[in-house]
Amino acid sequence: MTDDRGVATLASELSASTAADRAAAAEALRARADSEPAAVAGVADDLDAGLTDVDDGVRADTTAAVAEAADADPTAVAALSTHLGDRLSDDEPAVCHHAAYALARVAAVDAVAVEPALPALADVSTADDEPLAGLAVHALAAAADTDPTVLAGLDDATLTGLRSGLVAAADTDDATVRRRAVHALARLAEADVVAPPTPETVVPSVADDTAATRRDATFLLARAADGDPAAVAPHVDTLVDSLAPPDHGAVVVHAVAAVETVARETPAPVAARAEPVAALLTHDRPDVRANAAAALGRVATETDTVADAVETLAERLADDAAAVRVNAAFALAALAAADPDAAKPAMEPLLGRLEDETEREQVRAHAGTALDRLRSALSPAPEPVSAEAADDGVPRGAAAVTDGNRGVGGGGDSAPDATEPPDG
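These notes cover the structure that comes with them. Residue indices follow the written sequence of each chain, beginning from 1 at its first position. At least 70 in pLDDT is required for a residue's local features to be given in this predicted model, at least 80 for side-chain atom pairs to be given and counted, and no such filter applies to totals for whole chains, interfaces and linings, which use all residues. No hydrogens and no water enter the side-chain calculation; it runs on all heavy atoms of the structure.

### Observations concerning the overall build of the protein
Argument step 1. Summing up its helical and strand segments, the protein has 28 helices and zero strands in all.
Argument step 2. By residue count, 47% of the 424 residues in the protein fall in the buried class.
Argument step 3. Within the protein, contacts between residues separated by at least 24 positions form 63% of all contacts whose residues are at least 6 apart in sequence.
Argument step 4. Summed over all atoms, the accessible surface of the protein reaches about 19,200 Å², with 47% contributed by carbon and sulfur. Here a strand is any run of E in DSSP of at least two residues, a helix any run of H or I of at least four, and the numbering for each starts at the N terminus. In this scheme, a residue with accessible area under 20% of its type's maximum is buried, one over 50% is exposed, and one in between is partly exposed, where area comes from a 1.4 Å probe on protein chains only. We call two residues in contact whenever any of their non-hydrogen atoms come within 4.5 Å of each other. In short, Shrake-Rupley with a 1.4 Å probe defines the accessible areas, and a residue's cover is counted only from the protein chains shown.

### Description of unusual backbone geometry
Most peptide bonds adopt trans geometry, and most residues besides glycine take a negative phi value.
Argument step 1. Of note, Asp192 is a non-glycine position whose phi angle comes to about 60 degrees, a positive value.
Argument step 2. Tracing the sequence through the fold places Asp192 in the loop between helix H13 (175-190) and helix H14 (199-202).

### Some remarks on the packing of helix H24 (residues 322-338) against helix H27 (residues 361-378)
Argument step 1. Think of each axis as a best-fit line through the C-alpha atoms, taken over the contacting stretch in the case of a helix, with angles from 0 to 180 degrees between the N-to-C directions. It is at 8 Å that the axes of H24 and H27 come closest, and there the two elements cross at 15 degrees. Regarding the angle of H24 to H27, the classification is roughly parallel. When the axes of H24 and H27 are compared, the crossing they make is left-handed. Counting all contacts with H24, which are made through Ala322, Arg325, Val326, Ala329, Phe330, Leu332, Ala333, Ala334, Ala336 and Ala337, the residues of H27 involved are Gln362, Val363, His366, Ala367, Thr369, Ala370, Arg373 and Leu374.
Argument step 2. When residues are grouped by polarity, Ala, Val, Leu, Ile, Met, Phe, Trp, Tyr, Cys and Pro land in nonpolar, Asp, Glu, Lys and Arg in charged, and all others, Gly among them, in polar. For the contact of H24 with H27, the class distribution of residues is 13 nonpolar, three polar and two charged. Angle categories are assigned with fixed cut-offs, so that under 35 degrees is roughly parallel, over 145 is roughly antiparallel, 65 to 115 is roughly perpendicular, and the rest are oblique. Left-handed describes a crossing whose near helix is turned anticlockwise from the far helix by less than a right angle; the clockwise case is right-handed.

### Some thoughts on helix H15 (residues 211-227)
Argument step 1. Counted at 1.5 Å a residue, the expected span for H15 with its 17 residues is 24 Å, and the 25 Å between its end C-alpha atoms agrees.
Argument step 2. Restricting attention to buried positions, one finds in H15 the residues Thr213, Arg214, Asp216, Ala217, Thr218, Phe219, Leu220, Leu221, Ala222, Ala224 and Ala225.
Argument step 3. For H15, the elements touching its buried residues are H13, H14, helix H16 (229-232), helix H17 (236-241) and helix H18 (250-265). To estimate the expected span of a helix, count its residues, drop one, and scale the result by 1.5 Å.

### Examining helix H10 (residues 130-146)
Argument step 1. For H10, spanning 17 residues, the distance from its first C-alpha to its last is 24 Å, which sits close to the expected 24 Å at 1.5 Å a residue.
Argument step 2. Burial runs high along H10: 13 of the 17 residues are buried.

### As for the side chain of Asp319
Argument step 1. Inspection of the secondary structure assignment puts Asp319 in the loop between helix H23 (310-316) and H24.
Argument step 2. Side chain to side chain, Asp319 and Arg289 meet in a polar contact 2.9 Å long.
Argument step 3. A polar contact of 2.8 Å, which involves the side chain of Asp319, links it to the backbone nitrogen of Ala321.
Argument step 4. Ignoring anything within four residues of it in the chain, the contact list for Asp319 reads Arg289, Val324 and Arg325. Identification of polar contacts relies on pairs of N or O atoms within 3.5 Å, with a donor-acceptor requirement for protein atoms, meaning one able to donate a hydrogen and the other able to accept it, and with residues adjacent in sequence counted only if both atoms are side-chain atoms.

### A short note on the environment of Ala346
Argument step 1. Within the fold, Ala346 resides in the loop between helix H25 (340-343) and helix H26 (347-355).
Argument step 2. Looking at Ala346, the relative accessible area reads 0%, which means it is buried.
Argument step 3. Along the backbone, Ala346 and Ala333 are 13 residues apart, and their C-alpha atoms lie at a distance of 10.0 Å.

### Things to note about the layout of surface pockets
Argument step 1. Volume-wise, the largest pocket comes out at about 250 Å³.
Argument step 2. Breaking the lining of the largest pocket down by element, the ones donating at least two residues are H10 and helix H12 (156-169).
Argument step 3. The leading source of residues in the lining of the largest pocket is H10, at four residues. Note on definitions: the grid is 1 Å and covers protein atoms alone; a cavity is a set of points where a 1.4 Å probe fits but cannot get out; a pocket is an open set with protein on both sides within 12 Å along at least five of seven lines; lining residues have an atom within 4 Å of a point. Grid points are joined across faces, edges and corners, and a volume is the space filled by probe spheres set on the points.

### Some thoughts on the environment of Ala309
Argument step 1. Tracing the sequence through the fold places Ala309 in the loop between helix H22 (305-308) and H23.
Argument step 2. The spacing of Ala309 and Ala278 is 31 residues in sequence and 6.7 Å in space, taken between C-alpha atoms.
Argument step 3. When near neighbours in sequence (up to four residues on either side) are disregarded, Ala309 contacts Ala278 and Leu281.

### Examining the side chain of His138
Argument step 1. Of note, His138 is situated in helix H10.
Argument step 2. Residue His138 is classed as buried on the basis of its relative accessible area, which comes to 19%.
Argument step 3. If sequence neighbours within four positions are ignored, His138 has contacts with Ala104 and Arg180.

### Quick notes on the pattern of salt bridges
Argument step 1. Each salt bridge in this description consists of a side-chain nitrogen of Lys or Arg and a carboxyl oxygen of Asp or Glu lying within 4 Å of one another. Across all of its chains, the model carries 24 salt bridges by this definition.
Argument step 2. Measuring nitrogen to oxygen at the nearest pair gives 2.7 Å for the salt bridge that ties Asp90 to Arg59. Placement of Asp90 in the loop between helix H7 (81-86) and helix H8 (93-107) and of Arg59 in helix H5 (residues 56-72) is noted, with a sequence separation of 31 residues between them.
Argument step 3. A salt bridge links Asp145 to Arg187, with the nearest nitrogen and oxygen atoms 3.3 Å apart.

### Remarks on the nonpolar core
Argument step 1. Within the largest apolar cluster, 134 residues are counted, with the highest numbers of intra-cluster contacts made by Leu47, Val77, Leu84, Leu118, Leu151, Leu166 and Leu350.
Argument step 2. It is H10 that provides the largest number of residues to this core, a total of ten residues.
Argument step 3. The contact partners of Leu151, leaving out residues within four places of it in the chain, are Leu118, Ala143, Ala144, Leu159, Leu162, Leu188 and Val193. Remark: nonpolar core denotes a set of buried residues (Ala, Val, Leu, Ile, Met, Phe, Trp, Tyr, Cys) joined through side-chain atoms within 4.5 Å.

### Section: the environment of His366
Argument step 1. Relative to the helices and strands, His366 is located in helix H27.
Argument step 2. On a C-alpha basis, the gap between His366 and Leu332 in space is 8.1 Å, while along the polypeptide they are 34 residues apart.

Shape is all these values report; function is a separate question.
Structure (structure tokens):
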């Protein structure tokens, strides 16, 4: 039989003196929320009595009605967040589930409103009740996405528990829960609220079916590399594999940044996969081109790929982005030290950067270093002075003999440095 009472009347009946009246009102509100969720949302402030009722059925029906109302108007339900947080530890599982769902809906629009419930959400994010844990992760991820700084206000113990719950969820077989956990961890790491998880936790998500999760996972690996490059080094293959199409957006940005950071301290695995990195020198994003050039500079002594890319690196000296020009010049300076003959084709564009007084100082400095190395390595060695020439007082070759000093051919003291004036 349909209960024709208005929702305001039903809400008031949640405080009725008899258990039967309260149960009937809660059941009717749940049915009404299914068909008229906005109407129930309009009386959300009056539903707290049903949320704390001693009867399991009343609490279950009321939290179900609140969950439906939260779908229609989460802001209307926000004032109940403290009560909903309390219900996360309810003895009745259905109450916990509905409360967590409602909090997730509120968190998606107002992270501040759910702040009182965050410790409870962190606690149940590792619950044995997998549906509840998943819903808690959903709520935490929603809050992190809406305003991660709200979570920064939690005490250390709560943050530790929250991070542990998200890390555990990031390793679950439930793809939806895993994706939400990885996203929450990425948002919180981005805001410096929690440290990124170990690389092993997120590496499987680098190959996720959704681009958003691949983006979050590669971001977390880039952050992890900032703190501990050696920990990410074993996963360079995974990162480099993610550089291929179709991921030519944020995934590549984060992946190549991680690769470049690893190359600073552990160049070998990056050198082994340098070709896909070199291919990014012509990427349409300047931050990708810049990190690719920097990574190549760091492995110039480890692989021939940098030599093979010399012409492209030389072209990048004229890139519109200053960071790309700086890192291209850096890579060419590294190549000039490792293989001067291979770097020789870049001499003219390097000279152009050096002589351009409007160019960034960093570009000119790297260009100057590269040219100095090339000139030193490619200039013919000075001829030694023979003993006979020294005895005759007739200097031969580039080094002059003065004050009786002999050149290297004579077995005596070395000639003065050619850059210094002769004695006397």
